[in-house]
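Examination of the molecular architecture
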Amino acid sequence: MIRDANCWEGKDIFYIIDYDSISSASSSSCKCEAVVRLNYPVHTYTPILWNPSTREYNEIIPPPDNLEWPSYGFGYDNKIDDYKLVCIASIEDGADEVNAAYAYTLKSGSWRKVVETIPCADFENPAGLLLNGVLHWQLATVTGKISKSIVAFDISNEKFTNLPFPQEIILRPAHSSCHLGVLGASLCIICGVPNVQVDVWVMQNYGVKESWTKLFTTTQEKSIAYPKSLKLYWYFITGDILIQAAGRFGLYDQKNDRIRFLNINGLDHAPTYLSGETYVESLVSLNSGTYTRKRRQLKTKYISNKRRR
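Every value quoted in this text rests on a predicted model; they were computed, and no experiment measured them. (Residues numbered from 1 in each chain as written. Predicted model: local features only at pLDDT ≥ 70, side-chain atom pairs only at ≥ 80, totals over all residues. Heavy atoms only, no water.)

1. Regarding the overall build of the protein
- Helix and strand counts for the protein come out as three helices and 25 strands.
- Burial status across the protein gives 46% buried among its 309 residues.
- A separation threshold of at least 6 residues defines the contact pool for the protein, and within that pool the share at least 24 residues apart is 48%.
- On the protein, roughly 16,500 Å² of surface is accessible, and the fraction owed to carbon and sulfur atoms is 50%. (Helix = DSSP H or I, 4+ residues; strand = E, 2+ residues; numbered from the N terminus. Buried < 20%, exposed > 50% of the residue type's maximum accessible area, 1.4 Å probe, protein only. Contact = heavy atoms within 4.5 Å. Areas by Shrake-Rupley, 256 points an atom, 1.4 Å probe, with all protein chains shown as cover.)

2. Overview of the pairing of strand 16 (residues 186–193)
- Burial of strand 16 is extensive: eight of the eight residues sit out of reach of the surface.
- The two faces of strand 16 match: Ser186, Cys188, Ile190 and Gly192 on one face and Leu187, Ile189, Cys191 and Val193 on the other face are all buried.
- Between strand 15 (residues 177–183) and strand 16, which pair antiparallel in sequence order, lie two residues; one of them, Gly184, sits at a positive phi of approximately 65°.
- Strand direction decides the pairing type here: strand 16 and strand 17 (residues 197–203), joined by six bridges, are antiparallel. Paired with Cys188 across the strands is Val202, a residue of strand 17. (Pairing = 2+ DSSP bridges.)

3. What to know about the packing of aromatic side chains
- A full pass over the atoms with the stated rule returns seven aromatic pairs.
- Between the aromatic rings of Tyr233 and Phe249, the centroid separation amounts to 5.9 Å while the plane-to-plane angle is 40°, which identifies the pairing as tilted. Here Tyr233, found in strand 19 (residues 231–235), pairs with Phe249, found in strand 21 (residues 248–253); they are 16 residues apart in sequence, far enough to count as distant. Just as Tyr233 is buried, Phe249 falls in that class too.
- One aromatic cluster in this structure is built from Phe74, Tyr76 and Tyr83. (Phe/Tyr/Trp six-rings, centres within 6.5 Å; stacked < 30°, edge-to-face > 60°.)

4. Overview of the pattern of salt bridges
- Per the stated rule, a full pass over the model turns up eight salt bridges.
- Here Lys231 makes a salt bridge to Glu277, at a shortest N to O gap of 2.9 Å. With Lys231 in strand 19 and Glu277 in the loop between strand 24 (274–276) and strand 25 (296–297), the pair connects residues that are 46 residues apart, well separated along the chain.
- Each of Asp77, Lys84, Arg112 and Glu158 takes part in one network of salt bridges that share partners. (Salt bridge = Lys/Arg side-chain N within 4 Å of Asp/Glu carboxyl O.)

5. Notes on a nonpolar patch on the surface
- Side chains of Tyr19, Trp234, Tyr235 and Ile237 sit close together on the surface and give an oily, nonpolar patch of about 440 Å² of accessible area.
- On the secondary structure map, Tyr235 appears in strand 19.
- Assessed through its relative accessible area of 31%, Tyr235 is described here as partly exposed. (Patch = residues over 30% accessible without salt bridge, like charges linked within 9 Å, V, L, I, M, F, W, Y side chains within 5 Å.)

6. Some points on the sheet that holds strand 17
- Here we have four strands laid out as an open sheet, ordered 15-16-17-18, and antiparallel in their pairing. Looking at the sheet topology across the chains shown, the edges are occupied by strand 15 and strand 18 (212–218). Here the strands of the sheet are splayed against their neighbours by 25° on average, with no regard to which way each runs.
- With six bridges connecting them, strand 17 and strand 18 associate as antiparallel partners. Of the residues in strand 18, the one forming a bridge with Trp201 is Lys214. (Axes fitted to C-alpha atoms, helices over the stretch in contact; angles between N-to-C directions.)

7. Observations concerning the sheet that holds strand 14 (residues 159–164)
- The antiparallel open sheet is built from four strands, whose spatial order is 11-12-13-14. Looking at the sheet topology across the chains shown, the edges are occupied by strand 11 (129–131) and strand 14. Looking at each pair of strands side by side, their axes are set apart by 30° on average, direction ignored.
- In terms of strand pairing, strand 13 (residues 149–154) meets strand 14 through six bridges, oriented antiparallel. Residue pairing for strand 14: Phe153 is matched across the bridge by Phe160.

8. Describing the state of the cysteines
- Enumeration over the complete set of coordinates arrives at zero disulfides.
- You can see Cys188 has no disulfide; the closest cysteine sulfur is in Cys178, sitting 10.0 Å from it.
- On the accessibility criterion, Cys188 (0% relative accessible area) is buried.
- Unpaired in this structure, Cys191 has its nearest cysteine sulfur neighbour in Cys178, at a distance of 4.3 Å. (Disulfide = S-S within 2.5 Å.)

9. A short note on the nonpolar core
- In this structure, Ile150, Phe165, Ile169, Cys178, Leu187, Ile189 and Trp212 are the most contacted members of the largest nonpolar core, which totals 17 residues.
- Beyond its immediate chain neighbours, meaning those up to four positions away, Cys178 contacts Gln138, Phe165, Ile169, Arg172, Ile189, Ile190 and Cys191. (Core = buried A, V, L, I, M, F, W, Y, C linked by side-chain atoms within 4.5 Å.)

10. Describing the environment of Leu180
- Relative to the assigned elements, Leu180 resides in strand 15.
- For Leu180 and Trp201, which are 21 residues apart along the polypeptide, the C-alpha to C-alpha distance reads 9.7 Å.
- Those residues in contact with Leu180 that sit more than four places away from it in its chain are Leu129, His136, Trp137, Gln138, Ile150, Leu187, Cys188 and Ile189.

11. Some remarks on the environment of Leu49
- Within the secondary structure, Leu49 is located in strand 5 (residues 48–51).
- Taking the C-alpha atoms as reference points, Leu49 and Glu59, separated by ten residues in sequence, lie 6.5 Å from one another.
- Once you skip the residues sitting within four places of it in the chain, Leu49 turns out to touch Glu56, Tyr57, Asn58, Ile60, Phe74, Leu106 and Leu286.

The values are spatial; any link to function lies outside them.
As structure tokens, this is what we get:
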């Protein structure tokens, strides 16, 4: 799914490009024509659960006490066969400020506190990255220090744990950047020195520090100019990796350290405002009975999405 935050319509627009379309582009001219535009439900500050596959959406009641929740995550709890929206908010505990975790379950339609107090910490990525039923946040870098760990929250048992960085990243130069991602079925860390190189690490055995392995190093100009903007999405059977670099989506060839940028019909007008996420289609009902209008597929004659003059 791709979000366009610079549309001439004055609101964010979402599009879907399926795996088969990108896979076909990887073996041909890098042109993606099967782009489906989604009608976004509503534009409000109220949190929304949205199933793009069924077009159903559900407006969520605000968290208790009007708490601000700069960090959050969403996933499925197989123990109770329900979906949870998790938020981490700062609360006062006597004279101290601590973090607490709250969860909203879809079936109950209500919030509850699931973890009373968590050591106060800022997260680098506001949205928790979901993998194997666990949400992951990278601890933010403190001035003069380097982030060394990942905070993980198991959605089912509602427990927090810490996952370590590989030793080489902990000892990296202070002026380097480092951010967390998910590549296929593995956690990954993208670590780079601007205009020098970017290293990509994957955790081959979840939770095992010694299993961190350097997958590849790239010196591609588009990737190293601003390493923090590099994002990895998926492997293809060709060995290529779907990435986003310099605001554009492309296919990275590990063997030859080469990027072939995708030509996505209708979405090449403002690449710096595009962002993407992967998701798996689902027919699970959100129990709201509220739907957006039917989505439409962009045809060749309707590929222009440029800002009107």
